[in-house]
Amino acid sequence: DQQVKQNSPSLSVQEGRISILNCDYTNSMFDYFLWYKKYPAEGPTFLISISSIKDKNEDGRFTVFLNKSAKHLSLHIVPSQPGDSAVYFCAATYDSGTYKYIFGTGTRLKVLA
Amino acid sequence: KAGVTQTPRYLIKTRGQQVTLSCSPISGHRSVSWYQQTPGQGLQFLFEYFSETQRNKGNFPGRFSGRQFSNSRSEMNVSTLELGDSALYLCASSSGGLISYNEQFFGPGTRLTVL
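Quick notes on the rules
- Residues numbered from 1 in each chain as written.
- Chains lettered and ligands numbered in written order.
- Predicted model: local features only at pLDDT ≥ 70, side-chain atom pairs only at ≥ 80, totals over all residues.
- Heavy atoms only, no water.
- Pairing = 2+ DSSP bridges.
- Helix = DSSP H or I, 4+ residues; strand = E, 2+ residues; numbered from the N terminus.
- Salt bridge = Lys/Arg side-chain N within 4 Å of Asp/Glu carboxyl O.
- Buried < 20%, exposed > 50% of the residue type's maximum accessible area, 1.4 Å probe, protein only.

Draft legend 1. Structural detail: the sheet that holds strand S1 (residues 4-5) of chain A. All names here are of chain A. One open sheet holds the five strands; their spatial order is S1-S3-S8-S7-S6, and the pairing between them is antiparallel. Either end of the sheet is taken by a strand with one partner, and the two such strands are S1 and strand S6 (56-59). Where strand S7 (residues 62-67) meets strand S8 (residues 72-77), six bridges bridge the pair, whose relative direction is antiparallel. Paired with Phe65 across the bridge in S8 is Ser74.

Draft legend 2. Just the pattern of salt bridges, in detail. All names here are of chain B. By the definition in use, this model includes seven salt bridges over all chains. Among the salt bridges present, the one from Glu82 reaches Arg63, with a minimum N-O distance of 3.6 Å. Here Glu82, found in the loop between strand S8 (74-78) and strand S9 (87-94), pairs with Arg63, found in the loop between strand S6 (53-57) and strand S7 (64-68); they are 19 residues apart in sequence, far enough to count as distant. Judged by relative accessible area, which is 42%, Glu82 ranks as partly exposed. Since its relative accessible area comes to 16%, Arg63 is described here as buried. Glu75 serves as the salt-bridge partner of Arg73, at 3.4 Å between the closest nitrogen and oxygen. Residues joined in a network through salt bridges with shared partners are Arg63, Glu82 and Asp85.

Here you go:
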């Protein structure tokens, strides 16, 4: 039962254009969402997060959008740079005594110079 | 501030053996979580320790176990290794409290290969 899904295993984008990475979830109890970036041979690093009480959070070139009714979030990277090439994981969490911190399967982004 | 360290970085074992992986969290972090990463499966949560107590556990068989020491360092043990245990094992630390709303800081992982 994959509660957090990233249906696109890979994505290629031209440098300078927008990259849009998508994530869908099934559990309506999730109330906090995070994006992590992972380079080869390194552990994932935190990128940006959003609380369920918001629908948008922006940090420099990175913006996360949350559509609660559709149980969908997306990460926009504008403009995309070659250094953004990595695997991106979304994560969804909630705490109800025992917490849940569920990661998606990841999307490999390749930014072409 | 030093990051999360994991040892060893690479490990090759044969079926039936057991293995112990080690993780040192960021200084001051009291929560340590373990994940298994395999192609197509993303990061699968194994368990989380906070102040030497297992606070949460994922859906893995009892062959997977862990512990945390008083200095917050953590170890993960896998007994009776199976081929399907081949994966990247990631450790993450967090400052604690409500981990659900905290970012986690990951180590580089231990690549385990079971032959």
